[in-house]
Every structure is written in C-alpha cells, then in structure tokens.
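Structural features, examined
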Amino acid sequence: MELAVFAITAAVALTGAVAMVLSKNAVHSALFLLLNFSAIAVLYLLLRAPFLFAIQLIVYAGAIIVLFLFVVMLLGAERHEEGADTLGWQQPTALVMGIGLLAALLVVALGGPLGAPAGVAEGYGAPEAIARALFTDALLPFQVTAMLILAAIVGVVVLHLREQQRG
Amino acid sequence: MDWLGIVILIIKCIGLTLAATTLFAYFTLFERRLLARFQHRIGPNRAGAIPLPGGRRVLGGWLQPAADAVKLFFKEDVVPALADRWVYLIAPGFAVVPALIIWVAIPLGYWPDGQGGNYLHFAPIDVGVLYLLAVTSLGVYGIAIAGWASNNKYSMLGGVRASAQVISYELALGLAVLGVVMQAQSFRTEAIIAGQGQLWYIVPQFLGFVIFLIASTAEVVRAPFDLVEAEQELVGGYNTEYGSMKFALFFMSEYIKLIAMNAIAVMLFLGGWQFPGLAELAAAVSASAGDTIGAAVFGLTSLGAFLLKVTVLSFVSVWMRATLPRVRYDQLMNLGWKVLLPLALVNVAVTAIVNVLLPDAGLLAALLTGAIGLVVLLVGVAIGQPARAQSSVTLIPRATHQS
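Given the structure is predicted, the values throughout are model-derived calculations rather than measurements. (Residues numbered from 1 in each chain as written. Chains lettered and ligands numbered in written order. Predicted model: local features only at pLDDT ≥ 70, side-chain atom pairs only at ≥ 80, totals over all residues. Heavy atoms only, no water.)

When helices and strands are tallied, chain B shows 14 helices and two strands. Computed over its C-alpha atoms, the radius of gyration of chain B comes to 23 Å, within 12% of the 22 Å expected for a compact globule of 403 residues. With respect to the principal axes defined by its C-alpha atoms, chain B has extents near 95 × 60 × 55 Å. When contacts within chain B are restricted to residue pairs at least 6 apart in sequence, long-range pairs at least 24 apart make up 75% of them. By element, 69% of the accessible surface of chain B is carried by carbon and sulfur atoms, the whole surface being about 20100 Å². Charged side chains of chain B number 24 positive and 21 negative; the gap between the two group centres comes to 13 Å. (Helix = DSSP H or I, 4+ residues; strand = E, 2+ residues; numbered from the N terminus. Rg over C-alpha atoms; globule rule 2.2 N^0.38 Å. Contact = heavy atoms within 4.5 Å. Areas by Shrake-Rupley, 256 points an atom, 1.4 Å probe, with all protein chains shown as cover. Lys, Arg positive; Asp, Glu negative; His and termini not counted. Charge placed at Lys NZ, Arg CZ, Asp CG, Glu CD.)

As structure tokens, this is what we get:
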C-alpha cells in the first residue's frame, strides 16, 4: 500500500518537474510546478511528517505559486518569446550541475548500505518537536533567517519609496 | 489497511461530498429567500409547493435548487475558440476539489464508535488546523487559472484580482486562527472543540473572531469583497466565459467554500458541535436504551447543534451581503494589510502574554484576553479613518497612428 502510494506520487512529482521545464508557456510551467509541490507534500506525509506536509502546501502551493501566477498574468509574460536566447550559457551549466548532483546521489545510494531508516521516535515530526528544535538548538539560524527576510522587506519598501519620489 | 477499510473510506467520502453539495443547493435557496426578504420581495416560492385543501400551498420553493440544476445541465456547453483548452477545462475542477476536501478535517458532530473514534470526524489529522488553512489557500487556483485560460480581458482581471486578494487576506486569516490554536494549545480540531467545553473561544478570542469573519469573507471572495466578479466592471469576472455545468461548478465551489468557512468559524470560536445538555441527554438515553442508541442519539443531536450554529453564521453571511456595498480596491488592500493584519498580530501577542502570565486562571485569563481584544478593536475602529479615494491615476497618452 505504502509502496504503491510512493510509486504513484514519485511518478507524478517527476512528471510535473520534467513538464515544468519543457513547457513553453509560463503559466503551464507554474501549474506543473504546483503539481510537483503537491506530490512532494504527499511524500512528506509518507515520511510521517504531517507538519511539513501542511507547511509545504501553505507556503509553496498556497503562496509562492499564486505569486508566480499573479506576476506572470499581470505582466502578460506567459507567451514564449521569439528571438535569440540571451541566456544560452545557462542550459549547459544546468546540465553539468544536474549530472553532478545525480552522480553524488548515486554514489551515496549505491555506496553505503542505506537499509531501513532507524525507527523514528513517537511525535518526531510533530509541531511541538519542530518548535522546540527551532527555538532551542537552531535558535541562531532561525533569528538570522528572520533578519534576512526583514532586510528583504525593508528593501522592497525602500525601492518602492524611491520610485514614488521619482514619479 | 484492508480492502474493506478502503471501500468504507470511499463510501464515507462519497457521502460527505453528497452532503456538502446538498447543503450547497439548499443554501442557495436559503440565500435567495433571505435576500428577497431583505429587499422586501418574496423570492422563489413556487417550485414543489404542496397544495392543501382550502387553496393553501405549503413548502413552496423547496424544489427550486433541483429546477436550477436541471436548467444548468441542459444549457449549451461552449469552449471559447481562443481559450487555453486544457487549463480552461480543468479550472472548474480545480475550484471544486479544495472546497470539498476541506470538510474531512472538520468534526461535524460526536458519534463515538466505541473505540475512541468518532464517526462524524473523517480525518483526525495531527495538524488539522494547518490542513484547513492549506486547503483554503489552494482555493484561489480555480479562479486565477479560469481567468487566465478564458483569454478574455475581463476574466483575466478577475483572476488577477482574486490572487492578490486571497494572498493578502490569508495572513490575517492565519493569524486569527493562530490565536485559537494558542488558546487550545493544539493544532488538532477535536482538541480545539474539547477545549471549549466550559467557555466558547469567542469570549477570549473575540477580536480573533471578528478578524476571522472579515478575512474569511474576503478569502471566499464574497460580497462585500467580491471584486473578483464585480459585474458592473468585469461583466461576470473570472467566470464570464464559462457556461452550463462548468459555471455551476464555480458557483458550487464558491458556496461550499463559504459554508465550510462558516463551519470552521463554528468549530474554532463557537464550540463546534457542543451544546448545553447534549451529554446529559445521551447519558440518559444510554442508560435506558443501551450504548449504541445512546451514541447514535449523541451523534445526531450534536450534528444538529453544529448545523444550527452553521445556519446562524450563514444567516450573518447573507445579511452582510444584503447590507454592505462592495468595497473599492484600495479599501480592500488597506483593510487587509493596514487594519486586519496589525490587529491580528496584537491579538496573538495579547493571547500569548495573558496566557503565560496567568497560566492557571482559566476563566480570568479568558475574560482578560477577551476584554483587551475588545478594547483593541474599539480603539482600532475609533482611530481608523476610512481611506480617502486614491484618484492619482496616471493617464498614458495614446500613441496616434500617423501614416
């Protein structure tokens, strides 16, 4: 049962990822990315991490893709642009890096006996456990991330103000 | 899980879906009759009337939803020639599915199955409240991609407005729910209802309730926040190019989402299925007629109490729609970002501080939180001025064609 769910979900996730890259229309790409994110959320459920499942749906599926769609629709940027590709160097670079990542994964997967993961403790992925880890062991990274996001927000406001003054 | 379990699960899901759609059908009748009353009309009162001797007719209008459904089924089904065909076709499904799956995490009543479970709560999820928020935030896709795929500028404007609006109000909605989660100290929906045995959370979380009510109305893009389908500006908004059953699916998802939002509000703030005297009644029936019948009585009466509370909130929704004019777009954004979001943050902070300072005084802490929330709300209403119209539109001179 679990294996069947995993196989279906993984196939959906891969299909979504590949179709996202291949489709010419930006809105289609965003929708395929949504499919991929949702499939990954289901994978989190299979890993007994319901909190991550919910967060994946709320943050990635519920907010980020909606913003992608909003920007693409607002700018009308979904059509495939004619003309020369000015970012031609990106494709070979991405290909090389992807192959490198795949090789690393294969080395890890084939190299050592992975076997069954050690049994997880009761309530391992529960919100309480994550909150405790976040506010004790990982407090510094948590705060640093918060500062980073705050800086981004301040940056947006400053840019907007400058544009208003000019206009 | 064996095959029998899966079959039972599928039957349960079909039952829940049918119940939700029936609820939708009769909600439309409820709304049409009430709107008519608010406007001093009568409303649909013919279909299905039962004639009585003496020329009187009773139950007029109860078949109106069926008549509407038949009409919609037999309308012509058109796909615009320049629409993005696949996205256009999946958009109605995209709209309906979140509206339906949201119901699994809401406890509709309490019918104990004798093994610590509850027949009327389909998915007791660990993070039930987060699941509800996640599914709510998925609801916008149907509208956004329908607007885009129709290849019509009015539909597109509707879709763009929908995504901006839902993103903006999601924050206030989530923070309002967070207050309740802090009060109950759990993400589990059944724990939140159990925590309201003594006192409904509307008392300590009054501010949260008001924010939730406003933000949920905006989240399901309903009047007075229905800029997505403002017919004076956008023809029909995102669903302009949809007809027949595809339009009906949008209509259905909108109403089921509204009822689900009211059900969530009942669950979070109004004690869910709890009602004074239910447990005593069930205990008395159990003592005289056996545990199975006692559990059944408890289940049905608690379901009835839940539906009663949802009906009361639904009446409030219809009332708001009949009373309030549609807001302007800048008012919508100001309300979401500059009023509701700060108020919700204050609510979270007050809840946290009071519950940490007074960890043992349940009633006192609740009343104190509620009082502070009320004061904050009143201060917010008093100092908040209605935003002035933003009429600083920059007109771009049209390029004239000169040969």
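Having seen it, we continue.
Glancing now at the side chain of K246 of chain B. Residues and elements named next belong to chain B. Residue placement: K246 occurs in helix 10 (residues 244-269). For K246, a relative accessible area of 10% puts it in the buried group. If we skip the residues at most four places from it in the chain, K246 touches D77, V78, V79, Y88, L89 and P92. (Buried < 20%, exposed > 50% of the residue type's maximum accessible area, 1.4 Å probe, protein only.)

A word on the domain arrangement of chain A. Examined at the domain level, chain A breaks down into domain 1 (1-80) and domain 2 (129-167). Relative to domain 2 of chain A, the C-alpha centre of domain 1 of chain A lies at a distance of 25 Å. (Domains from an automatic or database assignment.)

Before going further, it helps to examine the interface of chain A and chain B. Counting residues at the interface gives 25 residues for chain A, matched by 25 residues for chain B. Considering only the side of chain A, the residues that lose the most area to chain B are I58, V66 and M73 of chain A, jointly responsible for 26% of the buried surface there. Inspection of the chain A/chain B interface yields zero salt bridges. Applying the counting rule to chain A against chain B returns two residue pairs in polar contact (both at pLDDT 80 or more). No other element matches helix 3 (residues 50-75) of chain A, which puts 16 residues into the side of chain A that touches chain B. Here the side of chain A that touches chain B is built from residues that sort into 20 nonpolar, three polar and two charged. (Buried area = accessible area lost by both parts, 1.4 Å probe. Salt bridge = Lys/Arg side-chain N within 4 Å of Asp/Glu carboxyl O. Polar contact = N/O pair within 3.5 Å; in protein donor to acceptor, adjacent residues only side chain to side chain. Nonpolar A, V, L, I, M, F, W, Y, C, P; charged D, E, K, R; others polar.)

So, about the packing of helix 3 of chain A against helix 6 (residues 153-184) of chain B. At a minimum axis distance of 10 Å, the contact between helix 3 of chain A and helix 6 of chain B shows a crossing angle of 145°. In terms of crossing hand, the pair formed by helix 3 of chain A and helix 6 of chain B is left-handed. On helix 6 of chain B, the residues touching G62, A63, V66, L67, F70, M73 and L74 of chain A of helix 3 of chain A are M156, G159, V160, S163, A164, I167 and E170 of chain B. Classifying every residue of the contact of helix 3 of chain A with helix 6 of chain B by side-chain character gives ten nonpolar, three polar and one charged. (Axes fitted to C-alpha atoms, helices over the stretch in contact; angles between N-to-C directions. Left-handed = near helix turned anticlockwise from the far one by under 90°.)

Moving on to the layout of surface pockets. The space that makes up the second largest pocket amounts to roughly 1900 Å³. Put simply, the parts of the chain that give the lining of the second largest pocket at least two residues each are helix 1 (2-22), helix 2 (26-46) and helix 3 of chain A together with helix 1 (3-38), helix 3 (85-101) and helix 4 (128-138) of chain B. Among the elements that make up the lining of the second largest pocket, the one with the highest residue count is helix 2 of chain A (eleven residues). Residues of the lining of the second largest pocket, tallied by class, amount to 39 nonpolar, six polar and five charged. (1 Å grid on protein atoms, 1.4 Å probe; cavity = no way out; pocket = protein on both sides within 12 Å on 5 of 7 lines; lining within 4 Å. Points joined across faces, edges and corners; volume = space filled by probe spheres on them.)

Let's shift gears to the packing of helix 3 of chain A against helix 4 of chain B. At their nearest, the axes of helix 3 of chain A and helix 4 of chain B sit 9 Å apart, and the two run at 25° to each other. The angle between helix 3 of chain A and helix 4 of chain B places the two elements in the roughly parallel class. Where helix 3 of chain A crosses over helix 4 of chain B, the handedness of that crossing is left-handed. In contact with F51, F53, A54, L57, I58, A61 and G62 of chain A of helix 3 of chain A, helix 4 of chain B contributes L130, Y131, L133, A134, S137 and L138 of chain B. Classifying every residue of the contact of helix 3 of chain A with helix 4 of chain B by side-chain character gives eleven nonpolar, two polar and no charged. (Parallel < 35°, antiparallel > 145°, perpendicular 65-115°, else oblique.)

Moving on to the environment of T189 of chain B. All names here are of chain B. As for its position among the elements, T189 is in helix 7 (residues 189-194). With a relative accessible area of 0%, T189 lands in the buried category. Measuring from C-alpha to C-alpha, the distance between T189 and G43 comes to 38 Å, with 146 residues separating the pair along the chain. For T189, the residues in contact, after removing those within four places along its chain, are A105, P107, H121, G128, V129, L132 and M267. At 3.2 Å, the side chain of T189 and the backbone oxygen of A105 are in polar contact.

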